[in-house]
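Notes for the structure review
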Amino acid sequence: MKALVYKDIMLEMHELRRLALYYLLCMVGMPVLFALTSDDISHSYAMPLMMCPVISMVMINTTYGCDERSEWMRYAMTNPVTRIQYFHAKFLTHVMNVLCGSLLGFAISTVIAIVLGQLSAEVFTNNLSSALGMLCVLLLVGLVTTPLMLKFGVQKGSMVMMMTVTGVVLLGTGINILGESSPIANISILVLGIGVGVTMYLLGRKWMLEKEF
């Protein structure tokens, strides 16, 4: 499985070199723009906390597309690689991506806050909480998207993924609004997230075992 993860990382590195300037503008340029144009300067160092993890998550789509276009799984099945190992490798790559993205976003946000003279214990704590929150949310998104991408392919999987994630977010938001951020509402959202994640993981294993390459 290490070789599968390494393959995906190499594909992502190639994509990162190709789009390095675009990603740099998103992660650094947008916070600078917010700092110059927004009345609330906190937006400038909050932006990387969202942009970096999301960009790192999106990069995994590159590997799905490459595998699909090259029919790589037909070749992989001639080697000692199981479908479940392939499924786990994709999710592990996703975990590594969002973990690195969250850490990078937190680091960039902290540096921007220092440069702007806005760093305090409260800002540092808020940034850390936001980074951990994005990490948890995107790990759940990975549990949802990985099976969908492998089941339906990149094009259809992306559409189904958007609808599924949107539905989960709307449902969680509704529970939070109705509960007015009460402990019961927060626990309900946590249970919902765990339930969705476990369900999609089990479905992913089932789909991969039934999938023909």
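Refer to the structure above for everything that follows.
Residues numbered from 1 in each chain as written. Predicted model: local features only at pLDDT ≥ 70, side-chain atom pairs only at ≥ 80, totals over all residues. Heavy atoms only, no water.

Our focus in this paragraph is the overall build of the protein. Scanning the protein for helices and strands turns up eight helices and zero strands. The buried share of the protein, reckoned over its 213 residues, is 36%. Looking at the protein alone, contacts between residues at least 24 apart form 77% of all its contacts between residues at least 6 apart. Entry remark: accessible area of the protein is about 12300 Å², with carbon and sulfur atoms responsible for 72%. (Helix = DSSP H or I, 4+ residues; strand = E, 2+ residues; numbered from the N terminus. Buried < 20%, exposed > 50% of the residue type's maximum accessible area, 1.4 Å probe, protein only. Contact = heavy atoms within 4.5 Å. Areas by Shrake-Rupley, 256 points an atom, 1.4 Å probe, with all protein chains shown as cover.)

For helix H1 (residues 2–18), built from 17 residues, the straight-helix expectation of 24 Å at 1.5 Å per residue is met to within 8% by its first-to-last C-alpha distance of 25 Å. Buried residues along H1 sit against helix H4 (60–70), helix H5 (72–76) and helix H6 (83–115). (Expected span 1.5 Å × (residues − 1).)

Further remarks concern the nonpolar core. Leu4, Tyr64, Trp72, Met73, Tyr86, Leu150 and Met208 are the most contacted members of the largest nonpolar core, which totals 15 residues. Where this core is concerned, the elements lending two or more residues are H1, H4, H5, H6 and helix H7 (121–179). Residues within four places of Trp72 in sequence aside, it is in contact with Leu4, Lys7, Asp67 and Tyr86. Among the nonpolar cores identified, the runner-up in size contains six residues, and Val98, Met134, Leu138 and Val141 belong to it. (Core = buried A, V, L, I, M, F, W, Y, C linked by side-chain atoms within 4.5 Å.)

Mapped onto the secondary structure, Leu140 falls in helix H7. Leu140 gets classed as partly exposed once you look at its relative accessible area, which sits at 22%. Taking the C-alpha atoms as reference points, Leu140 and Met200, separated by 60 residues in sequence, lie 9.6 Å from one another. Setting aside anything within four residues of it in sequence, one finds Leu140 in contact with Gly193, Val196 and Gly197.

Our next topic: a nonpolar patch on the surface. Taken together, Ile114, Leu119, Phe124, Leu128 and Leu132 make up a surface patch of nonpolar side chains, about 430 Å² in accessible area. For the nonpolar patch, the element with the highest residue contribution is H7, accounting for three residues. Here Phe124 lies in helix H7. (Patch = residues over 30% accessible without salt bridge, like charges linked within 9 Å, V, L, I, M, F, W, Y side chains within 5 Å. Salt bridge = Lys/Arg side-chain N within 4 Å of Asp/Glu carboxyl O.)

Enumeration over the complete set of coordinates arrives at three aromatic pairs. In this structure, Lys90 is placed above the aromatic ring of Tyr64, and the distance from its NZ or CZ to the ring centre is 4.9 Å. (Phe/Tyr/Trp six-rings, centres within 6.5 Å; stacked < 30°, edge-to-face > 60°. Lys NZ or Arg CZ within 6 Å of the ring centre and 35° of its normal.)

What follows covers the side chain of Thr63. Inspection of the secondary structure assignment puts Thr63 in helix H4. Of the residues examined, Thr63 reaches a relative accessible area of 0% and is grouped as buried. Looking at Thr63, its side chain comes within polar contact range of the main-chain oxygen of Ile60, at 2.6 Å. Ignoring any residue separated from it by four or fewer positions in sequence, one finds Thr63 in contact with Asp8, Leu11, Glu12 and Lys90. (Polar contact = N/O pair within 3.5 Å; in protein donor to acceptor, adjacent residues only side chain to side chain.)

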